[in-house]
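Examination of the molecular architecture
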Amino acid sequence: MADVTLRKVVKKYDDVEAVRGIDLDIADHEFVVLVGPSGCGKSTTLRMIAGLEDITGGDIMIGGDVVNDVPPKDRDIAMVFQNYALYPHMTVAENMSFGLRLKRYPKAEIKTRIDEAARMLDIVELVDRKPKQLSGGQRQRVAMGRAIVRNPKVFLFDEPLSNLDAKLRVQMRIEIKKVHQKVRTTTVYVTHDQVEAMTLADRVVVMNHGRIEQIGTPNELYHKPATKFVASFIGSPAMNFIPCRLEESGGKLHVRITDRIAFPLPPARAARYQGASRTDKLLLGLRPEHITEAKAHPEPGVESFDAVLDVTEPMGMETLIYFALEGAQICGRVNPNAGARDGAPLRLAVDLNNMHLLNEGTGAVI
Amino acid sequence: MSTVTIDKAAPTRNVKYGSMSRDRTWALRWSYFFLTLFAIFSLLPPIYMLITSLKTSAEISAATNPWWVFHPTLDNYIGLLTSNQFLRFFWNSALVSIFVVTITMLISVPAAFALARMRFWGSTTLATGVFLTYLIPDTLLFIPLFKVFALFGEWTGIQLINRWYVLLLIYPTLTVPFCTWIMIGYFASIPKELDEAAIIDGASWFQTLTRIFIPVALPGLIAATIFAFTVSWAQFLYPLVFTTSTDQLVLPVGIITTLIKGDVFNWGQIMTGALLGAAPPLIIYAFLMDYYIAGLTAGATKG
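Conventions we followed
Residues numbered from 1 in each chain as written. Chains lettered and ligands numbered in written order. Predicted model: local features only at pLDDT ≥ 70, side-chain atom pairs only at ≥ 80, totals over all residues. Helix = DSSP H or I, 4+ residues; strand = E, 2+ residues; numbered from the N terminus. Buried ≥ 20, exposed ≤ 12 C-beta atoms within 10 Å, placed from the backbone. Contact = placed C-beta atoms within 7 Å. Core = buried A, V, L, I, M, F, W, Y, C linked by C-beta atoms within 7 Å. Domains from an automatic or database assignment. Nonpolar A, V, L, I, M, F, W, Y, C, P; charged D, E, K, R; others polar. Pairing = 2+ DSSP bridges. Axes fitted to C-alpha atoms, helices over the stretch in contact; angles between N-to-C directions. Expected span 1.5 Å × (residues − 1). Arc of directions from axis to C-beta.

1. Some thoughts on the overall build of chain B
Each helix and strand counted, chain B has 14 helices and 2 strands in total. Put simply, chain B has 303 residues, and 30% of those count as buried. When contacts within chain B are restricted to residue pairs at least 6 apart in sequence, those whose partners lie at least 24 apart make up 76%.

Written out as structure tokens, the structure is:
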């Protein structure tokens, strides 16, 4: 069993609380991604699991054993660093086998493991090279190989792809996923890139200011964010937030944006927001894909309005449009053939079946 | 929406092509000028020594052109290399230097590693303190040190003064602080992730030092070795004070005390001795310079 459990884990640097009481259960074989902006405590959390940082409070358990005071080498973990951290004076094979040699594994066993890992990572022909003769992507593969040959209980990745260029990053992302499918080792992966988090993770942990904002599968986070932070952090372009109020008119619940624009809520949403305050300042959360060009025969729950576009960004398969509404800059995604032009008016439709309603003051999703 | 128009009639700036390379040419000229000046300045004395070492005493004292050898002779070299005394000085110097380099490295490398990497209370202050000790000149220290060793001899009966090995205790006071400082700098330039990776791979602190840090910081280690060797080979004041018997002397002091007899200066042999004495550091430099290459850490991390 190689599950990882964090119980009320706290990390303080002098007076600064980097991690403020984190609870997290990571199941055996699970791929969990910690994601958040820089300084949110995700790397610190990972380093505490690795044992590279002492914990100020709480407990960390690996495979059911409390490892608070266990040195890194006895935690049976392997870590992949952002800058690879390969030993520059050793060949690829020596780099990968360093840990095994320290533990005095038999030579034949070491060779088998290196061969296996090298094949898995497609670096067989590189094993006799020095790190400086390798490209960035190859170095990252070697760093992963070094982790794989140890066959540890847990893999820890600390922003492993952020030093690679965009194209290579996508490729290595797939590579990491493949490796995890093969070895099934419990993995904790830290990144600030929400795309990486969404694509790799079984479950994503969104962190902010040393706390966990939400834990969930990528789909849960995307479709059911718990807070404004999660809603804005996950998804690109980010979710739009439009200041609004709830009001009752004609026996139906409406969300009023401006004096002129108010949308009636679809029945399911109306039922959900029935108990919400009518006076609080609220935010209407809409993802760009739910603001599109108006169709002739709209589906139920889809309402239309007119807007004058500021800027359009043709992306090929879609066009991103930007316009102002109640002081907020709103982004929508329309069909490239919808006739969106800079400075031109366009009739738009919002899909209220996928709307979110947030409390502006607390940032909580209602 | 405004449109940007490009005014084709706008005046264009006159571009001076080649101004960069003109600057570079002048910079090169000046640097070669000063390099030549410096080369002449620093090479003239050894050349003069070489010329003098090939002359007989008679020719040296004769009023001939001092920059030319009219009757070259190897007598000075033969005389010194067959003299047991000179070989003894040479042997003492070699012994002292090799021991001092070893002692220095054994102390300063682990010390630098501890100061650079193991974060402990007061480690930064201690690192600065190590360097400050290097700033105390030996002219200030030799009298108190002499007193200390004399007292030590009185109390314990172990005679240290006028023994060549007393230098093994003294020289490290010069070499250890500086070498530690050099090594702290080199170790600090090694990315933190490298030792973290080693620790996670299961290496102890000692294994991290011997199997990762020392190989990676080899250029720094060589620089420190060269420094320690040069300091102990060329040290003059301490051996002059602490050793007096001819069989305990090291080369620089030996040449001065035995080849100058009263007011008689045996210039030919003095120059020969000095040249021969300068040879080992030169040879060591020549050998180690090949390893003295930067960028050994290339490939450890990005960029």
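Here the narrative resumes.
2. Points about the nonpolar core
A:Val33, A:Leu156, A:Val188, B:Met183 and B:Phe187 are the most contacted members of the largest nonpolar core, which totals 155 residues. No other element matches the 11 residues that helix 4 (residues 84–117) of chain B contributes to this core. When residues of this core are sorted by domain, at least three fall in each of domain 1 (4–227) and domain 2 (240–359) of chain A. Dropping the residues within four chain positions of it, A:Leu156 is found in contact with A:Leu46, A:Ile49, A:Ala50, A:Ile77, A:Met79 and A:Val188.

3. Overview of the interface of chain A and chain B
Each partner contributes to the interface: chain A provides 27 residues, whereas chain B provides 22 residues. Within the residue set of the side of chain A that touches chain B, elements represented by two or more residues are strand 6 (77–80) and helix 2 (92–102) of chain A. A class-by-class count of the residues in the side of chain A that touches chain B yields 16 nonpolar, 6 polar and 5 charged.

4. Some details on the sheet that holds strand 11 (residues 240–249) of chain A
Strands belonging to one sheet form pairs held by backbone hydrogen bonds; the direction of such a pair is parallel or antiparallel. Residues and elements named next belong to chain A. Here 5 strands make up an open sheet; going across it, the order is 13-12-11-14-21 and the pairing antiparallel. Each edge of the open sheet is held by one strand with a lone partner, namely strand 13 (262–264) and strand 21 (356–359). The average undirected angle you get between the axes of adjacent strands in this sheet is 40°.

5. A short note on helix 3 (residues 107–121) of chain A
All names here are of chain A. Between its terminal C-alpha atoms helix 3 stretches 21 Å, which fits the 21 Å expected from 15 residues at 1.5 Å a residue. For helix 3, the complete set of buried residues consists of Ile114, Ala117, Ala118 and Leu121. Each buried residue of helix 3 sits inside an arc of 100° when the element is viewed along its axis, so together they form one side. For helix 3, the exposed residues lying more than 90 degrees away from the buried face are Ala108, Glu109 and Arg119. Taken together, the buried residues of helix 3 touch helix 2 and helix 4 (136–149).

6. Thoughts on the pairing of strand 17 (residues 311–314) of chain A
All names here are of chain A. Across 4 bridges, the pairing between strand 17 and strand 18 (residues 319–325) is antiparallel. Counted as the bridge partner of Pro314 is Thr319 from strand 18. The turn linking strand 17 back onto strand 18 is made up of 4 residues, and Gly316 within it adopts a positive phi angle of 105°.

7. A short note on the domain arrangement of chain A
By the assigned domains, chain A splits into domain 1 (4–227) and domain 2 (240–359). On a C-alpha basis, the centroid separation for the pair domain 1 of chain A and domain 2 of chain A is 40 Å.

8. Considerations on the environment of A:Arg169
All names here are of chain A. Residue position: Arg169 is located in helix 5 (residues 166–183). Separated by 43 residues in sequence, Arg169 and Ile212 place their C-alpha atoms 26 Å apart. Setting aside residues up to four positions removed in sequence, Arg169 forms contacts with Leu161 and Leu164.

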